[in-house]
Structure formats: structure tokens, C-alpha cells
Amino acid sequence: MSDKKQKKQHKLKARLPRGFVDRSPADIRATDEMVAKIKAVYERYGFDPVETPIFEYTDCLGKFLPDQDRPNEGVFSVADDDEQWMSLRYDLTAPLARHVAENINEIQLPYRTYRAGWVFRNEKPGPGRFRQFMQFDADTVGAPGVQADAEMCMMMADTMEALGIAHGNYVIRVNNRKVLDSVMLATGLGGDEEAWRRLAVMRALDKRDRLGLQGVIQLLSPKGRVDESGDHTPGAGLSDEQITRLLNTFGWGEEGSGSKSSVSSGITIGNLIDRLEQYEVSAEGARELQTINELVRSAGYGEDQIDIDPSVIRGLEYYTGPVYEAELLFPVTNEKGETVVFGSVGGGGRYDGLVKRFTGQDVPATGFSIGVSRLMTALKNLGKLGQEDVVAPVLVTVMDGDTASLGKYQKFVQDLRQAGIRAEMYQGNWKKFGNQLKYADRRGCPLAIIQGSDERERGVVQVKDLIEGKRLSGEIADNVTWRESRPAQVEIAEADIVSEITRMLAEHAEDRAKSS
RNA sequence: GCGGGCGUAGCUCAGUUGGUUAGAGCGCUGGAUUGUGGCUCCAGAGGUCGGUGGUUCAAAUCCACCCGCUCGUACCA
């Protein structure tokens, strides 16, 4: 075997686990900017940050979920050295419940808190769906009244506004788990033996935005639905009458029917209450919605911001009361060139049972979660993010590698830094000078400072404007001329470096402002 | 999980009915040019043809299984 071949076999393939991404400088800066804006809103509402680790003991995370027949499915788990199972958190709510329960004696309830962090899901990744992503949550723990839910809705709306999403481009849609329960009961889906059917119905209803009303009806019917690849999804097995009753309650049926047929939230709720009473099931959930509606209206929020909508589902099984969802309404163009509505960027609801399973005592709570990456994609589409690019540093090039010369270069750099200007000295192989400018060019450096022995003796430096030079390059075809003409280059005194560089950078900024 | 499509250089791809040593463009490295980015020219490095097994005198090419990517679907705390 040749040396070459042996070398080859030792070479590792660099590869990223599927569903994970490396984050670029632009992405990190954009995220920081967005998170800062969200945080400012939460702080103003009087919420305090708290952070929990990314690992939790597995039993603290998920086994309580009623719809989870396979407890460890979907989470990344490892055994600790004492053989206890730990998992990476898959949301920020379960860890918060654990934190509150564990510190229940120290925490002053109601506890108003927020946190941003990475969560992990061991699922099949897809476009825009990763196995690690960031959520930004806010919760009020120990607040039993729907006024806490109303406040959450208002805070979500304020967050959207703070991010520059205008009225009409978003809406917070509010429903109540109890309404869904009543509707299920009215449709004849009460009782434990119908639990699977209720689940199937809710899954079907939740797919309306993707499959359309006809798709939902197929999934509700006994026939089920056949997709493009020929795969068959079993239906929920509802009768035509049951389906009609369901759809009419949500207002998805015939024109003018159902609760959502009116333009006013007040009338929506009135219709809903009438209908539930007519079916002889509890209207408590609907009355809670009525309270929330009145609270947000008197706080000045319009129906274009916070809207009561009985068709909001939210998949989470642990919700016990009001649920809410932030939806973006503006159209975006996806990778395929299709125009689609962006959809949900976050949601939440009331989870009164989550802390109780640790403490045994009632600790009602409500909160919501924002999908940071997803919302960021949306903001980019709106042009609300990453508008101002960070200017690359000024490069001080190295002509001579002796310690005295390097010391001078380093001093230039420090002077610039102290004036608040990003600057760096070239740290590669300084003997190839052409490479230094090539480096500056590709990094996007606006200016390069050059000082050889000749300039040093005279106490001056050359300042090269790389942006102007790039523009001039189009007019020069011959390389010898290009080099000798030294385009866009000026000589200044060492003492003037900071003031001159400051002036030149300000000119660049002005040009950028003009062209955009 | 189920079904369809696709895997050839760092990237985008060509490669004829199975037939000699698998190619191009871009990128990368060096040089023309020991102190000046772009353009141009020259040279060079870089490949288990996704993996394993099979059919064959002969496989990048045909077959089987596996892995990965992708689209649809299911699930999604």
C-alpha cells in the first residue's frame, strides 16, 4: 500500500449530524438583535430571566404526557454514570415546571419569568425544521385567572409590534381547551373509549391550513385520505352529521353559519355560547374567552391584533384552558417560488397540571413560546432584520517582520481600536504581500494601512481604499498599470491615522446610506 | 415510520448499448509579479465514482441490500 493511500485512510470525513447547523456571523448577529428586542418587551412587562440546564432527568421531562405512548421517542437521551437516564430538553416549559416545583418555597408566586434557549428534538429534520432550535418563552406561574392569559396575549402582540411587524401582518388567535372539549362532547365524542377519536379529530382540524377544508373533511370521515404518494391516512370515522356539527361550530361550514361567521369577536363568542348551550354542553370555556376578549379590548387591543377564534387547536396535550397562537399573515415566496402565508411563529396556553405533578399542590400557570429561528426567517422576508451589515475591520498590513516594526503596526491597530474602530494586524505569512491585500479584499475590509521602510523613515503611512479601488478596477485591464497606479491610495502622516481613518469610514457610511 | 426521486473532485455537473489510465467549469495552491486586490496566462494538488455483496472476461454504468440527501405523507411535547 502506498503512503498516499495510507494517509487517505486516516483522513476523517468532516460532517455535521443531520438536522443540525453551523451558525454564520450574520445569523448570530441577527438573532442577537431580535432576541434583544423581545427581551426588552418582557422586561417592560416586569418579567425576570431564569435559565435552566439543557439536560434534565428523563422522568422530569415527558412521561406525564397522555398522548405519549412511547416515552423516549423523540428525545436525545443518555445514561448518567449512576445509570439514571437524562435527556436533552425538548421545550422550555417542562424544565420551568421542574425549577418552580424544586424551589417552590423560595419563589414568590405569581412568578413572572422569561428565558431563551436551545431545545432538541430527535425527529426527522426537514426544510426549516432542525433537531436543535431556539425558543424564547415567557410564563406566569401561580396565576389562576384568565387575566394572566389575557396579559400573555397582549405581550405577544407587543412583541410582534416591537419586531416591526405591522398591524394586519400578524394576529394573536385565542381559543380555549375547554371549548374544544365541549365541542367534542357535543359531537358525541365524550368518554375514555373515544379518546383516540378526539385526538384524530384534533389532528385533522389542525391540518386545515395545509390540506384545506376538503382534506380535513376526508380525515374526519371514515374513508380517510390518500396523499400524492398513494399513502393512506385512516380517517376519524365521523358521520356526516357529526362533521357538519363540528365545522359549523367553528364557522368553517356554509357561508354565514357558525360562530366565526361574524366580524366581531363579541358576536363570535355570543354565537359560540348559544350553540354550546343548544347542544347542552358546558359553555364555561366560551365565557372565559368572553372575559379575555373584554380585557384585551379595554386595554386598547383591536381585533386585528388579538382575535378570538374557536378553531385554534395547538397540539399540546397538557393545555388545560386558554390557548393562543401568534400567526403571521403576510405572504412570502418560498424556495419553490410559490407564494404562501407564513403561518404560526409561536404559541402557548394554560397548563395548570404541570407543576402539580411534582408538588401535589395546585400551581396554575400560563405561558407561551416563540420559535426564534422561524420568526427570524419571517423577519428577513419582511426586510426587518440584518439590514445594516457589520463593517469588516481596517487591516494594518505587515511589510517588515522585525519586532520594532511589528510593534509600530500593533500600535496603529491599538490606536484605532481605542477610537472604537474595528482593526486588526495581518497575522498570516506577511512575506507574501499580495496575499495580505487579497485577504483584506475577501474579508471585505474597507481600508488597508501600509507602511514599509520608506514610509516609516518619513513617518507616514499609505491608506488604501479597497472599496473605491474595487470600483476603479473595472477601468484598468492591464495588471502592470493596475499595480503601478496604486488606485485609491493616499499618503497620510502617522499622527493623523485615527482622524483620517475615521473620516474615510464616515464617507463610506454616507455612500452606503445613499445607495440603499 | 411509509412511498417516490437522486448520490461521480471542495462546489456545479458531463461520462454513449457495460470496454484501455474517469473528465470539464468554478474554487484551491504555486509561478509570471521578492512593496500592492481585480484581469490574463502557465503549472500543480485534489476521486475508495455513497457503502457492501452479486452478475460478467470486464461495472461509475446491470442486480440486491444498506447508508445519505431530497420530495410527499405520518408523527411532532
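Residues numbered from 1 in each chain as written. Chains lettered and ligands numbered in written order. Predicted model: local features only at pLDDT ≥ 70, side-chain atom pairs only at ≥ 80, totals over all residues. Heavy atoms only, no water.

1. Focus: the sheet that holds strand 4 (residues 85-88)
Reading across from one edge, 2-4-3 is the order of the three strands in this open sheet, with antiparallel pairing throughout. Bordering the open sheet on either side are strand 2 (55-57) and strand 3 (77-79), each of which pairs with just one other strand. Geometrically, the sheet is characterised by an average inter-axis angle of 35° between neighbouring strands, direction not taken into account. Pairing between strand 3 and strand 4: three bridges, direction antiparallel. (Pairing = 2+ DSSP bridges. Helix = DSSP H or I, 4+ residues; strand = E, 2+ residues; numbered from the N terminus. Axes fitted to C-alpha atoms, helices over the stretch in contact; angles between N-to-C directions.)

2. Considering the nonpolar core
Inside soluble globular proteins, nonpolar side chains tend to come together where they are buried. The biggest cluster of nonpolar side chains holds 76 residues, and the ones touching the most others in it are Tyr42 and Leu328. It is helix 5 (residues 146-162) that provides the largest number of residues to this core, a total of nine residues. With residues near it in sequence (within four places) discarded, Leu328 still touches Met160, Ile165, Asn169, Tyr170, Val341, Phe342, Gly343, Val345, Leu375 and Ala378. Counting 26 residues, the second largest nonpolar core, distinct from the first, contains Tyr409, Leu416, Tyr426 and Val461. (Core = buried A, V, L, I, M, F, W, Y, C linked by side-chain atoms within 4.5 Å. Buried < 20%, exposed > 50% of the residue type's maximum accessible area, 1.4 Å probe, protein only. Contact = heavy atoms within 4.5 Å.)

3. Let's talk about the pairing of strand 7 (residues 170-176)
Of all seven residues in strand 7, seven are buried; the element is thus mostly enclosed. Judged by which residues are buried, strand 7 turns out to be covered on both faces: Tyr170, Ile172, Val174 and Asn176 on one side and Val171, Arg173 and Asn175 on the other are all buried. The sheet contact formed by strand 7 and strand 10 (residues 306-308) spans three bridges and is parallel. By the bridge assignment for strand 10, Val174 is matched with Ile308.

4. Examining empty space enclosed by the protein
Tallied over the full model, the rule gives two cavities of 30 Å³ or more. Its volume calculated, the second largest cavity comes out at about 40 Å³. Class assignment of the residues belonging to the lining of the second largest cavity gives a composition of three nonpolar, one polar and three charged. (1 Å grid on protein atoms, 1.4 Å probe; cavity = no way out; pocket = protein on both sides within 12 Å on 5 of 7 lines; lining within 4 Å. Points joined across faces, edges and corners; volume = space filled by probe spheres on them. Nonpolar A, V, L, I, M, F, W, Y, C, P; charged D, E, K, R; others polar.)

5. Focus on the sheet that holds strand 16 (residues 447-450)
Spatial ordering of the open sheet is given by 15-14-16-17-18, a layout of five strands whose pairing is mixed. At either end of the open sheet lies a strand with only one pairing partner, and these are strand 15 (423-425) and strand 18 (489-493). With direction set aside, neighbouring strand axes in the sheet form an average angle of 25°. Note: strand 17 (residues 460-465) against strand 18, five bridges, orientation antiparallel. Bridging from a neighbouring strand, Val461 pairs with Ile492 of strand 18. Together, strand 14 (394-396), strand 15, strand 16 and strand 17 form the strand contacts of helix 14 (residues 403-418), whose direction differs from that of strand 15 by roughly 170°. The strands touched by helix 17 (residues 466-473) within the sheet are strand 16 and strand 17, with strand 17 carrying the most contacts at an inclination of about 55°.

6. A few points about the packing of aromatic side chains
Using the criterion set out here, one finds eight aromatic pairs in the structure. Their ring planes at 45° and their centres at 6.0 Å tell us that Tyr114 and Phe136 sit as a pair that is tilted. Of this pair, Tyr114 sits in strand 5 (residues 111-120) while Phe136 is found in strand 6 (residues 132-141), placing the two residues 22 residues apart along the sequence. By the burial criterion, Tyr114 is buried, and Phe136 matches it. Centre to centre, the rings of Tyr318 and Tyr351 are 5.9 Å apart; their planes meet at 70°, and the pair counts as edge-to-face. Residue Tyr318 is located in the loop between strand 10 and strand 11 (322-333), and its partner Tyr351 is located in the loop between strand 12 (339-350) and helix 12 (356-359); the two are separated by 33 residues in the primary sequence. The exposure class assigned to Tyr318 is buried, which follows from its relative accessible area of 12%. Residue classification places Tyr351 among the buried positions, given a relative accessible area of 2%. Through a chain of ring-to-ring contacts, three or more aromatic side chains come together here, namely Tyr42, Tyr114, Phe136 and Phe368. (Phe/Tyr/Trp six-rings, centres within 6.5 Å; stacked < 30°, edge-to-face > 60°.)

7. Remarks on a nonpolar patch on the surface
A contiguous nonpolar surface patch, about 210 Å² in accessible area, is contributed by Ile54, Phe55 and Val78. Counting through the fold element by element, Ile54 comes out in the loop between strand 1 (48-49) and strand 2. (Patch = residues over 30% accessible without salt bridge, like charges linked within 9 Å, V, L, I, M, F, W, Y side chains within 5 Å. Areas by Shrake-Rupley, 256 points an atom, 1.4 Å probe, with all protein chains shown as cover. Salt bridge = Lys/Arg side-chain N within 4 Å of Asp/Glu carboxyl O.)

8. Quick look at the confidence of the model for chain A
A low pLDDT means the predicted coordinates there should not be read in detail. For chain A, mean pLDDT is 86; residues scoring 70 or higher make up 91% of the total. Highest mean pLDDT in chain A belongs to strand 1 (97); lowest belongs to helix 1 (residues 3-10) (41). Below a pLDDT of 50 lies the segment residues 1-10, which in the model reaches two contacts outside its immediate sequence neighbourhood of four places, other chains included. Within the model, the stretch residues 64-71 combines pLDDT values under 50 with 12 contacts to residues more than four positions away or in other chains. (pLDDT = per-residue confidence, 0-100.)

9. Concerning the environment of Pro322
Looking at the element boundaries, Pro322 is found in strand 11. We classify Pro322 as buried; its relative accessible area is 0%. Separated by 26 residues in the primary sequence, Pro322 and Gly348 have C-alpha atoms spaced 8.6 Å apart. If we skip the residues at most four places from it in the chain, Pro322 touches Val146, Asp149, Asn175, Asn176, Glu288, Ile292, Gly349 and Arg350.

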